[in-house]
Amino acid sequence: MEARERIFKYQGLGNDFVVLDRRGSGEDIDAATSRWMCDRRLGIGGDGVLALLPSERGVARMVVHNADGSIAEMCGNGLRCAVKFLVDDSGRTPGHLDVETGAGVLTCYPSYGEGGVVAVDISMGPARLVASNLPSGATGQPFLDALVPGHPPLRAYAVSMGNPHMVLLDQPLEDASRLGPLLEHHPSFPDRTNVEFVRVDSDGLTVVVWERGCGLTQACGTGACASAVAAVLAKRLPADAWLRVTLPGGDLRIRVPADLSDIRLRGPVAFVFEGVVAIPSGR
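Just so we're clear, the structure is a prediction, and the values are computed from it rather than from any experiment.

Undergrad: Is there a simple way to explain the pairing of strand β13 (residues 204–211) in this structure?
TA: Residues in a regular strand project their side chains so that they alternate between the two faces of the sheet. Taking burial as the measure, the eight residues of β13 include eight buried ones, the bulk of the element. Summarising the sheet, strand β12 (residues 194–201) and β13 pair through seven bridges and their orientation is antiparallel. Note on β13: the bridge partner recorded for Arg199 is Thr206. In this antiparallel pair of consecutive strands, β12 and β13, the connection spans two residues. Relative to strand β14 (residues 215–216), β13 runs antiparallel, the two being bridged by two bridges. Bridge pairing in β14 links Glu211 to Gly215. Hairpin geometry of β13 and β14 is characterised by an intervening segment of three residues between the two adjacent antiparallel strands and by a positive phi of about 85 degrees at Gly213.

Undergrad: It is not clear to me how the nonpolar core should be interpreted in this structure. Could you clarify?
TA: Within soluble globular proteins, side chains that are nonpolar generally end up buried alongside one another. Within the largest apolar cluster, 61 residues are counted, with the highest numbers of intra-cluster contacts made by Met62, Leu79, Leu205, Ile254 and Ile263. The element best represented in this core is helix α4 (residues 221–233), accounting for eight residues. When residues of this core are assigned to domains, at least three fall in each of domain 1 (4–120 + 268–278) and domain 2 (135–261). Residues Leu154, Leu173, Val208 and Trp210 belong to the second largest nonpolar core, which totals 18 residues.

Undergrad: Whenever I open this one, the domain arrangement of the protein confuses me. Can you help?
TA: How big an interface is tends to be stated in terms of accessible area lost as the parts join. Split into domains, the protein comes out as domain 1 (4–120 + 268–278) and domain 2 (135–261). Inter-centroid distance (C-alpha atoms) of domain 1 to domain 2 is 24 Å. Contacts between domain 1 and domain 2 engage 19 residues on the former and 19 residues on the latter. Applying the counting criterion to the domain 1 and domain 2 interface returns two salt bridges. Here Asp68 ties to Arg192 by a salt bridge, and the two come within 3.4 Å at their closest N and O atoms. Linking domain 1 with domain 2 are seven residue pairs in polar contact (both at pLDDT 80 or more). The element best represented in the side of domain 1 that touches domain 2 is helix α2 (residues 76–90), accounting for three residues.

Undergrad: Help me understand the UniProt feature "active site" (unreviewed entry) in the protein in this model?
TA: Taking the numbering used here, the UniProt-annotated feature "active site" (unreviewed entry) corresponds to Cys75 and Cys220. In terms of the greatest pairwise C-alpha distance, the residues named above, spread along 146 residues, form a tight cluster of at most 7.4 Å across. For Cys75, a relative accessible area of 4% translates into the label buried. Apart from residues no more than four positions distant in its own chain, Cys75 is found in contact with Asn15, Phe17, Met62, Val64 and Thr222. Along the chain, the position of Cys220 falls in the loop between β14 and α4. Residue contacts for Cys220: discarding those within four places in its chain leaves Asn15, Asn77, His165, Val209, Glu211, Leu247 and Leu252.

Undergrad: How do you make sense of helix α3 (residues 176–184) when you look at a structure like this?
TA: Residues spaced three or four apart along an α-helix point in a common direction, a consequence of the helix completing one turn every 3.6 residues. Of all the residues in α3, the buried ones are Ala176, Leu179, Gly180, Leu183 and Glu184. For α3, the angular spread of the buried residues around the axis is 130 degrees, confining them to a single face. Packing partners of the buried residues in α3 comprise β10 (154–160), β11 (164–169), β12, β13 and β14.

Undergrad: Is there a simple way to think about the UniProt feature "binding site: substrate" (unreviewed entry) in the protein in this case?
TA: As annotated by UniProt and renumbered to match this structure, "binding site: substrate" (unreviewed entry) occupies Asn15, Asn66, Gly76, Asn77, Asn163, Asn194, Glu211, Arg212, Gly221 and Thr222. Within the secondary structure, Asn77 sits in helix α2. For Asn77, a relative accessible area of 0% corresponds to the buried category. For Asn77, the contacting residues outside a window of four places in its chain are Gly12, Asn15, Phe17, Ala219, Cys220, Gly221 and Leu252. Mapping Glu211 onto the fold places it in strand β13. For Glu211, a relative accessible area of 8% puts it in the buried group. Residues in contact with Glu211, not counting those within four places in the same chain, are Asn15, Asn194, Thr217, Ala219 and Cys220.

Reading the values: rules and limits
Residues numbered from 1 in each chain as written. Predicted model: local features only at pLDDT ≥ 70, side-chain atom pairs only at ≥ 80, totals over all residues. Heavy atoms only, no water. Buried < 20%, exposed > 50% of the residue type's maximum accessible area, 1.4 Å probe, protein only. Helix = DSSP H or I, 4+ residues; strand = E, 2+ residues; numbered from the N terminus. Pairing = 2+ DSSP bridges. Core = buried A, V, L, I, M, F, W, Y, C linked by side-chain atoms within 4.5 Å. Domains from an automatic or database assignment. Contact = heavy atoms within 4.5 Å. Salt bridge = Lys/Arg side-chain N within 4 Å of Asp/Glu carboxyl O. Polar contact = N/O pair within 3.5 Å; in protein donor to acceptor, adjacent residues only side chain to side chain. UniProt positions renumbered as here; feature names shortened; annotations may be inferred. Arc of directions from axis to C-beta.

Below you can see the structure in the form of structure tokens.
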């Protein structure tokens, strides 16, 4: 028998998510259900599914299910979508709210306009240069490695925003579709990695992200943060300034303190639709 469930669709710069409010049942979904929901022909369509579960540390716990059924520790665009849903659902206009994620409890600051929450500023926590999901021995300095057979060595930064990132400064953006699938599975990253192809501009960055478990996306909040961190580490852009990061879906603003202690992300978010879906049996 098919199970019916109410779903909500949100997007941040074209990075789109199905939101499931599971705070009542406390039950998460499985990998097969997330793959079906994200299928743009057989299911709802999305870059991921955000399951909102009860939390003793915040208003909710957000679990990010990628389109391939894997789970991501954190998603900046997804968190903005979750915050807008939580505020819309509450009927209130809080100045801030805490959401539990796989990267810890993050404080989020909604901005209001016509239609409720129109943007969210997120305290993303520290950027880490040494972490269990990064290459062993990573110290924040560029590492050279023959990452792709037949390709010249690539200079990359390894940055964790709770989830792992390989940031390639000055790498042609058009290489993302070709090199991204290979670099995602680089053996130095134990849990695979997101890959950022970055052009450093005089006033900010232009970035294309190959997202782990999703492929090319219109935007990636943690990828924008990791790219800005790499540019600051390389002394290509200043610390403690709001930096423009342009992705295919539009612009985010990222602030990187000199000590990397609390990266800030600011960006728009929008409600798309809500409805009821019949989840196929066995999902």
